[in-house]
Amino acid sequence: MVHVYNCHPLASQHIVAAEQEPALVCCGGGALFVVSSGGCKVEAYSLQREGCPLICRFSCMGSVLSIRHSAVGDYLVTIEEKNKATYLRAYTNWRYQAAEKTRVGVRLLGHLLRGSSFHGTPKEQMEIIEIPLFEPPLCMACCSLTGDLLVGCAKSLVVFSLKRQTLSEQLSVLDFERVLILHIQGWSPSQVAFCAGYIALQTELEVLVVKLTPQQKSSQAAEEHTQLSEDIMTETSLDEDAEMTKEGFSPLHEQEDFFLFPKHQEMLGNEAQECGVSLVLEWTGMEAESRGDISVVYVLFRRFAPDFFQGCSVEETHLHSLQLHPMFTSKPEEASISKGGEPTCMFVFFSLPNTGYMYSLKNTVELVSTYQYPEKAHQAVLSDQFLYVITRNALQCFTVRCSAVAARVDDPYIDTTMKACPPFTMEVCALRIQLFIGLKILCQDGNHIALLTAADVDSKEDTERPARKNTESREHRTLTGILVAVGLEPSSTPTLESLLSRSFLSRKTSVCKPTEPADSGHGWNLYVITSVSTLQLYSEIVEYSKRYEQSSPSSQSCIHLLSEGHLLLRTALLQQDCESAERAQLQEAFQESCAHLGDCFSRFDKKDCHLALPYYKMSGLTVTEVIKRNMSMSSVSNGYGKGFIFFLKHSIYEETMEELSKDVADKVLEIFSVAEPSQLPHVVSSPSMLNADPDSAVTHLRQLEASGAPSITLSLCMASLALRKGDLHSYRQQMDRHAEMLQVYGFIEEPKLLLHGRGKAVLPTILAQHLRDTQEGLLVAAVVALHENCKIRLEEADLFFQELCKNSVEADSSPQLLVDFWEALLVASSHESIIQELLFRLTSVYIDRITRRDRSGVKALKTAEDLINSCSHYGMLYPWVSILTPVQFNITHDDQEDLHKLQSLLCGPTLEVSSIMPLLEQLSDSDSTGLSVHVLCATKLGQHKTSIDRLLDRCPQAIISYAKHELQNDKLSLWWQKLFPEVCDRIRTTGNDNTVLLSALKEALVVAAKELNPLDFLDLLPDDGTAHFFLPHLLECSQ
């Protein structure tokens, strides 16, 4: 269904004073080109100047059958006929003819004029370039990004690359190089389109779109489309019977005495390769080797059956108006001979007499819009903002969805809670149906539209008929029929009746020069129509939508109109040629359109009501402003819509929302107490509601409590409000209603009871501050639960405790409450990355405290014994560690706890000792405390020999315990290889009176006697040893 509105996208129209009746018309480069009915003269008129004055006129070498203009290179290309032969010619530097210069150079493609005429001062002149072809040209198209030329012939497509040849320092000329021929098997295109490597072909009832892709990019292109197989790509000869291998037959392929029509088909992306149309590439350019091989990727194939459409005869059913349309979302490279930037989106449009189709080709190939015309269309032109269609007696202006597709490709936040955009599947509309008589040709350039009208003889006869009895105007009857054809009954809609009562040519028409019809039986006119500015049209659309809003605030027509205005502004903002002042106005209007759409969706109770949230966010309005807008709307309608409640709920839950004033905050409480009372605890806990009246909030919460079973979150919320009021008695009553473990679940359900903000701005609440002083265990358990339930990140928890303890006596070091949190989280966490991070932090804190020994006296929540019993990462202390640092060690109890925790981590299975080695530099091993840590780390790193030396030198009484615990399995040989020789050396030095060393020697001999054979054991014994000391061990070894 197509919506029909009576907006005014067209501002003014002028009649161009052409001398002769035009036969062909085209636009481009700010100029209008008119080919006279004789076909041998071209007149160029300026579209940018008032009155469309004549720029120049020049003669062609033949009768022009088709004409196109290229913005890149500013050249014209024509298909001409002379002496029953068809030629392809390009006209460059045509603007030089404006100075009445008669110099015209004619040359063949690739043959530059380097004669005497180019010596000395450069001569400015128009050039006609003859472009030779093997086959007569049927159609052509210019790439709007590169200026390259595509020519369609009966059995091939020829691509010409536009180049600029430098003749001297002051002079350069345009030229073309034939670079590629695509041989088509079984097709004869009636129309072609070419843009950014995409090629679109059209026959009477079939459309094929392919893309030329370099081989090195073929893998990327395969993700979007399908690549032609390698054997077909390298084929250089054509099969004479290739046409018979095509799937199906052309609609005009005659089989004896009947026609065989193929069925309707649509093949998108990968499927299009199976269409049966074969393309064979032939490189002809000089730079073919440097540019690399090119592959063909099939993108789209569409076939129509002539009997599939109603309202048109089989003879009238054929395709027309094929067009490729690019869209950029970032500024492309300067339009020049060099290749431009890659467009964000590419669209293809083609039309049947009663239906138009627009497809998106990049990323996902899909049908974007279908346009149902109220009557038979002759021609259509697609632009960024509109689709212009001409029928016999009307110019129709339809909206398009290009910007909706481009927005989703360019911005990943579209269709989230952050941003929104009207869907491209939204039904299109006709903003205007402007009546003309005898429309023949339509073309468009920028904000200008050119129309050629010619009255037929039938029209003259119609005017000579006797006047009918009713006084209804012809325009009134025509538009009434159009509206009825699209399913609208004018009498049932006051707006349409008002529309029909107006004059459709009420806009001012300025005539540059009155002209008489060339023939008494026929009249013609050439119009140039200027479109209105986007801001003016948007303002009119907003005013138009207010009519529907007054009659039905939730009207879909109101949403539809505002969405159309929103897309118009999006399209205008994508254009890079607007000035900064205009862009600022467009951006302001864009935010206003987002606010209007937010207002509409906020009133909705349907599935789309959630769109109020992203549109309001994009509007730039504060939450207070949105609340006031909806308060004014609620006085007109009944209550608040679900869309507004959805927006309000999500906005209040967000940490970045501004703080509401007391009046607005109290109003929010009233709104939720009626709309969603179950959300009141979460609303009251929001940082934006700090200014709300606590008494009023408690009243609403008590009403909620009376309506059902009390919840833990509700009790915690009321306890927090009691603290805000200073009522400690009520606070204690609420906290005593539930056990601490259940309260932890309440904090998980609503984290804002403890902390406000996210990221680098985390602030503790008044409840958290009170728990710090009274129930620090509950506070730590709650924050651990929040982290494990992904409600808070580790860095945010650190900031929370740092902020909570910033005024304590231990502000210069890691607060004990933060260390308690790390220890508790280490017990609970199962994420390896978190565990290693916590182990490093705790080790750093323990080492720092042991080194400085300036504890503030704040007790830890858990002792070393508690952690060893509850956490697998803390290990039991090794026996030799206890010998080094006994419990009665000469340090304070707090430092003893930190030392035992550090030693326990080093004795545990998880800590990666290599990661903490830089931290050991600040811990000296001059005393037993540091020595125990250093020896533990060295042992964990496998440095047992070094550890044995340290212990023998510093604490030999621990060596036996160390050896029994550490020198096992693969380290067992160190008993006789390292420990035994070292002990013997020290005994020789100190004498035989050292009982500790003698005990270590005996233990080493016992182990060696068990593990070694007698000969090896005998070799181990020192030469200066006492026989009666070693003999018992030797006998033990022998047995």
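Since this is a predicted model, take the numbers as computed values, not measurements.

Draft legend 1. Region of interest: the overall build of the protein. Along the protein, the regular secondary structure elements total 35 helices and 38 strands. Of all 1039 residues assigned to the protein, the portion counted as buried reaches 53%. Contacts in the protein between residues at least 24 apart in sequence constitute 65% of all its contacts with a sequence separation of at least 6. Only carbon and sulfur atoms are counted for the fraction: they give 50% of the accessible area of the protein, which is about 47,000 Å².

Draft legend 2. Spatial organisation of the packing of aromatic side chains. Summed over all chains, the structure comprises 20 aromatic pairs. The interplanar angle of 80° and the centroid separation of 4.9 Å between the aromatic rings of F33 and W94 together place this pair among those described as edge-to-face. Here W94 lies in the loop between β9 (85-92) and β10 (104-108) and F33 lies in strand β4 (residues 31-36), a separation of 61 residues in the sequence. For the pair F33 and W94, a shared accessibility class is recorded, and that class is buried. Ring centres of F800 and F801 lie 5.1 Å apart, and the angle between their planes is 75°; on these two criteria the pair is classed as edge-to-face. One aromatic cluster is present, formed by F304, F350, Y357 and Y359 through successive ring pairs. We note R89 situated over the ring of Y87; from NZ or CZ to the ring centre the distance is 4.6 Å. One Lys or Arg, R547, reaches over the ring of Y544 and ends 4.6 Å from the middle of that ring.

Draft legend 3. Main features of the sheet that holds strand β23 (residues 278-283). Strand order in the open sheet formed by five strands is β12-β13-β14-β15-β23, and the pairing between neighbours is antiparallel. Two strands in the sheet have a free side with no partner beyond their single neighbour: β12 (139-142) and β23. Ignoring which end each strand starts from, the neighbouring axes of this sheet average 25° apart. Two strands pair when backbone bridges link them, and strand β15 (residues 172-185) and β23 are joined in this way by six bridges, in the antiparallel orientation. Paired with I184 across the bridge in β23 is L279.

Draft legend 4. Geometry of the nonpolar core. L395, L451, V668, L779, F801 and F821 are the most contacted members of the largest nonpolar core, which totals 185 residues. Here F801 is in contact with L779, V780, V783, P815, L817, L818 and F821, once residues within four sequence places are set aside. V159, Y198, I199 and A272 belong to the second largest nonpolar core, which has 52 residues in total.

Draft legend 5. Representation of a nonpolar patch on the surface within the structure. On the surface, M61, V104 and V106 cluster together to form a nonpolar patch covering roughly 210 Å² of accessible area. With respect to the element layout, V104 can be found in strand β10.

Draft legend 6. Spotlight on the sheet that holds β9. In spatial order, the strands read β7-β8-β9-β11-β10; together these five strands make up an open sheet with mixed pairing. Every interior strand has two partners, whereas the edge strands, β7 (63-70) and β10, have only one. When the angles between neighbouring strand axes are averaged without regard to direction, this sheet yields 25°. One ladder, built from five bridges, connects β10 with strand β11 (residues 126-131); its direction is parallel. For R107, the partnering residue across the bridge sits in β11 and is I129.

Draft legend 7. Layout of the packing of helix α24 (residues 816-828) against helix α25 (residues 832-852). α25 packs onto α24 with a crossing angle of 140° between their chain directions and a minimal axis gap of 10 Å. Judged by the angle between their axes, α24 and α25 are oblique. You can see that α24 and α25 cross each other, and the crossing is left-handed. Packed against α24, whose contacting residues are Q816, V819, W822, E823, L825 and L826, the element α25 presents I834, I835, L838, L839, R841, L842, V845, Y846 and R849 at the interface. For the contact of α24 with α25, the class distribution of residues is 11 nonpolar, one polar and three charged.

Draft legend 8. Representation of the pattern of salt bridges in the model. Counting across every chain of the model gives 39 salt bridges. Of the charged contacts, one joins K419 and D411 as a salt bridge, the two residues approaching to 2.8 Å between their closest N and O atoms. Look at K419 and you get partly exposed, because its relative accessible area is 33%. In the salt-bridge network here, residues are joined through shared partners; they are D949, D953, K978, E982 and R986.

Draft legend 9. Main features of helix α21 (residues 766-774). L767, A768, H770 and L771 are the residues of α21 that are buried. Down the axis of α21, the sector holding all buried residues measures 160°, keeping them to one side. Among the structural elements, α18 (712-725), α19 (728-735), α20 (740-749), β38 (763-764), α22 (776-788) and α23 (794-804) are those in contact with the buried residues of α21.

Draft legend 10. Structural context of the confidence of the model for the protein. Looking at the protein as a whole, its pLDDT mean stands at 82, while 82% of the residues score no less than 70. Mean pLDDT values over the elements of the protein span from 37, in helix α2 (residues 230-233), up to 95, in α22.

Draft legend 11. Representation of the environment of D666 in the model. By secondary structure assignment, the location of D666 is in helix α15 (residues 662-675). A residue is classified by how much of its surface remains accessible, and D666, at 14% relative accessible area, is buried. A C-alpha to C-alpha distance of 6.7 Å links D666 and D693, two positions 27 residues apart in sequence. Excluding residues within four positions of it along the chain, D666 makes contact with A692 and D693.

Draft legend 12. Region of the structure containing the environment of A612. In this structure, A612 sits in helix α12 (residues 612-619). Owing to a relative accessible area of 0%, A612 belongs among the buried residues under this scheme. Separated by 34 residues in the primary sequence, A612 and F646 place their C-alpha atoms 7.7 Å from one another. Discounting residues that sit within four places of it in the chain, A612 has contacts with G598, F601, S602, G643 and F647.

Draft legend 13. Geometry of unusual backbone geometry. Even without a glycine there, the phi angle at N83 is positive, about 55°. Turning to its location among the elements, N83 is positioned in the loop between β8 (75-82) and β9. You can call N83 exposed: its relative accessible area is 71%. You will see that K84, though not glycine, has its phi angle at about 65°, which is positive.

Draft legend 14. Just the packing of helix α9 (residues 534-551) against helix α11 (residues 580-602), in detail. In the contact formed by α9 and α11, the axes pass within 11 Å of each other and the chain directions differ by 20°. By the angle between their directions, the pair α9 and α11 is classed as roughly parallel. For the pair α9 and α11, the sense of crossing is left-handed. Residue-level inspection shows T534, L535, Y538 and V542 of α9 in contact with α11, the latter providing Q585, L586, A589, E592, S593 and H596. For the contact of α9 with α11, the class distribution of residues is five nonpolar, four polar and one charged.

Draft legend 15. Region of the structure containing the side chain of E966. Tracing the backbone shows E966 in helix α31 (residues 959-966). K940 provides the closest opposite charge to the buried, salt-bridge-free E966, at an N-O distance of 8.6 Å. Sequence-distant contacts of E966, that is, excluding residues within four places in its chain, are made with Y878, W880, T939, H944 and K971.

Draft legend 16. The arrangement of the pairing of strand β3 (residues 22-28) in detail. Across the seven residues of β3, five count as buried, placing the element largely inside the fold. Examined bridge by bridge, β3 and β4 share six bridges and lie antiparallel to one another. Residue P22 lies in a different strand from β4, and its bridge partner there is S36. Between β3 and β4, which pair antiparallel one after the other, the connecting turn spans two residues, and G29 there sits at a positive phi close to 65°.

Draft legend 17. Looking closely at the environment of F1030. In this fold, F1030 is placed in helix α35 (residues 1027-1038). Judged by relative accessible area, which is 9%, F1030 ranks as buried. As for F1030 and K1002, which are separated by 28 residues in sequence, their C-alpha atoms are 9.0 Å apart.

Criteria and thresholds
- Residues numbered from 1 in each chain as written.
- Predicted model: local features only at pLDDT ≥ 70, side-chain atom pairs only at ≥ 80, totals over all residues.
- Heavy atoms only, no water.
- Helix = DSSP H or I, 4+ residues; strand = E, 2+ residues; numbered from the N terminus.
- Buried < 20%, exposed > 50% of the residue type's maximum accessible area, 1.4 Å probe, protein only.
- Contact = heavy atoms within 4.5 Å.
- Areas by Shrake-Rupley, 256 points an atom, 1.4 Å probe, with all protein chains shown as cover.
- Phe/Tyr/Trp six-rings, centres within 6.5 Å; stacked < 30°, edge-to-face > 60°.
- Lys NZ or Arg CZ within 6 Å of the ring centre and 35° of its normal.
- Pairing = 2+ DSSP bridges.
- Axes fitted to C-alpha atoms, helices over the stretch in contact; angles between N-to-C directions.
- Core = buried A, V, L, I, M, F, W, Y, C linked by side-chain atoms within 4.5 Å.
- Patch = residues over 30% accessible without salt bridge, like charges linked within 9 Å, V, L, I, M, F, W, Y side chains within 5 Å.
- Salt bridge = Lys/Arg side-chain N within 4 Å of Asp/Glu carboxyl O.
- Parallel < 35°, antiparallel > 145°, perpendicular 65-115°, else oblique.
- Left-handed = near helix turned anticlockwise from the far one by under 90°.
- Nonpolar A, V, L, I, M, F, W, Y, C, P; charged D, E, K, R; others polar.
- Arc of directions from axis to C-beta.
- pLDDT = per-residue confidence, 0-100.
- Lys, Arg positive; Asp, Glu negative; His and termini not counted.

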